[in-house]
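Observations on chain architecture
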Amino acid sequence: MAEKADKDLGELFDKMAATRVNRRSFLAASGLLGVSAALAACAPGSTASATPSVAAPTAGASTPAPTAAPSATATPAPTAAAVESELWMLNWSSYVAPENMDAFKAEFGVKNFQYDIFASDDELQAKLAAGATGYDITAPTALFLPQMVEIGRAH
């Protein structure tokens with residue numbers, strides 16, 4: 001039975017290796033994977049940390065030896081104190097409900113919230129080309145993202 005499973009698995013891998021994937025399918029799958037990872041990281045009970053903490057060693061301090069076993073304690077979720085009080089967002093018009101923005105600002109103490117909109121990717125590109133900068137979040141479609149990364153407008 002194990003030999004048949006190994007053979008079937010080998011045939012599956014051979015078929016996958018022979019299948020050509022076009023750029024649009026690759027980008028769609030990558031986007032779906034990225035969104036899935038982001039949702040998993042934001043899910044209640046998640047132990048993912050948005051920012052890694054790295055402490056510089058102090059003079060005279062000894063560093064504990066690394067252990068092979070992972071830590072049993074969960075990493076605490078970011079608190080409102082870890083979020084800046086300013087957020088600038090450039091997004092599709094009518095994409096985020098105003099009550100969601102208000103709830104986010106209240107929960108995380110965002111005092112200065114700038115929400116600018118665009119109606120198409122071309123309009124987004126025109127705004128950025130005209131010098132619009134300083135945004136924490138922009139939301140182009142997946143089709144325009146590689147182009148934006150290439151010219152240094154996204155990373």
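These remarks concern the structure in this document.

**Some details on the side chain of Asp121**
Tracing the chain through its elements places Asp121 in helix α4 (residues 121-129). Here Thr141 takes part through its side chain, which lies 2.4 Å from a polar atom of the side chain of Asp121. In this structure Asp121 touches Trp92, Pro140, Thr141 and Phe144, once residues within four positions along its chain are discounted.

**A few points about the environment of Ala132**
The topology assignment puts Ala132 in the loop between α4 and β3 (137-138). The exposure class of Ala132 is partly exposed, given its relative accessible area of 25%. Along the sequence, Ala132 and Leu90 sit 42 residues apart, while their C-alpha atoms lie 9.6 Å from each other.

**Comments concerning the sheet that holds β3**
Pairing is parallel in the open sheet, where three strands are placed in the order β2-β1-β3. Strands at the two margins of the open sheet, each flanked by one partner only, are β2 (112-118) and β3. Note: strand β1 (residues 86-92) against β3, two bridges, orientation parallel. Bridge pairing in β3 places Met89 opposite Ile137.

Rules of the game
Residues numbered from 1 in each chain as written. Predicted model: local features only at pLDDT ≥ 70, side-chain atom pairs only at ≥ 80, totals over all residues. Heavy atoms only, no water. Helix = DSSP H or I, 4+ residues; strand = E, 2+ residues; numbered from the N terminus. Polar contact = N/O pair within 3.5 Å; in protein donor to acceptor, adjacent residues only side chain to side chain. Contact = heavy atoms within 4.5 Å. Buried < 20%, exposed > 50% of the residue type's maximum accessible area, 1.4 Å probe, protein only. Pairing = 2+ DSSP bridges.

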